[in-house]
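Spelled out from the first residue to the last, the chains are:
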Amino acid sequence: MGELMYSINVTVDGCCDHRVGLISEELHRHHADNLARADGLIFGRTTYEMMEDAWRRPDGDTTPPEDLDPFVAAIDPARKYLVSSTRKTAEWNTEIIRGDLASAIRRLKEESESGLIVGGVTLPRGLAELGLIDVYEFVVHPIIAGHGPYVFAGLDEVVDLVPDGRGELPSGHAVLRFRPKR
């Protein structure tokens, strides 16, 4: 059974606005390496559509993977799961997940060998409340944004975490990993 990892870019003050951050090749390589180790990605509709718009390769693009941004080379072919009650169709190697969220995510984890990654803001909050996230990874950008949105804003209950690793990218990003205290 694979684990579910939540990975998110945040500023020092906790902002997770995708328009604020220090973008670097090391950052993209870090996330690409995570994707390469996972069996699939899970997104809510808003994050899925944002990622598809930003990272999906145009139809007919024949650029060799080694010539692409490492994140594009990793995310484009990755298996994706879209949690949505409103989206009727999805392409980009995507399966739509509907119905009971907890059961669907447990099934995906059971079928996974290498693990899954969830991104975004709203869906991960719901998964945290259900106790379904096994690893929390925060990639902290050396920036103070001074505004939100903030990760886990509105969380119903405190989730106690224990450290599970940390590192630093040459670009100055701190990578912090935690597991739920059980």
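If you're wondering where the values come from, they're calculated on a predicted model, not measured in any experiment.

This paragraph deals with the pairing of strand S2 (residues 40-44). Among the five residues in S2, five count as buried, and that is most of the element. Here S2 shows a buried face lined by Gly40, Ile42 and Gly44 and a second buried face lined by Leu41 and Phe43. The sheet contact formed by S2 and strand S5 (residues 116-118) spans three bridges and is parallel. Bridge assignment links Ile42 to a residue of S5, and that residue is Val118. As defined by bridge partners, S2 adjoins strand S3 (residues 80-83) across four bridges and the pair is classed as parallel. Across the sheet, residue Gly44 finds its bridge partner in S3, namely Val83.

The next thing to look at is the pattern of salt bridges. Overall, the coordinates contain 16 salt bridges when judged by the stated rule. The partner of Asp134 in a salt bridge is Lys109, with the nearest N and O atoms 2.9 Å apart. On the criterion of sequence distance, the pair formed by Asp134 in the loop between helix H5 (122-129) and strand S6 (135-141) and Lys109 in helix H4 (residues 101-111) is long-range, its members being 25 residues apart. What makes Asp134 buried here is its relative accessible area of 13%. Linking Arg182 and Asp134 is a salt bridge whose minimum nitrogen-to-oxygen distance equals 3.9 Å. Residue Arg182 is located in the segment after strand S8 (174-180), and its partner Asp134 is located in the loop between H5 and S6; the two are separated by 48 residues in the primary sequence.

Reading the values: the criteria
Residues numbered from 1 in each chain as written. Predicted model: local features only at pLDDT ≥ 70, side-chain atom pairs only at ≥ 80, totals over all residues. Heavy atoms only, no water. Buried < 20%, exposed > 50% of the residue type's maximum accessible area, 1.4 Å probe, protein only. Helix = DSSP H or I, 4+ residues; strand = E, 2+ residues; numbered from the N terminus. Pairing = 2+ DSSP bridges. Salt bridge = Lys/Arg side-chain N within 4 Å of Asp/Glu carboxyl O.

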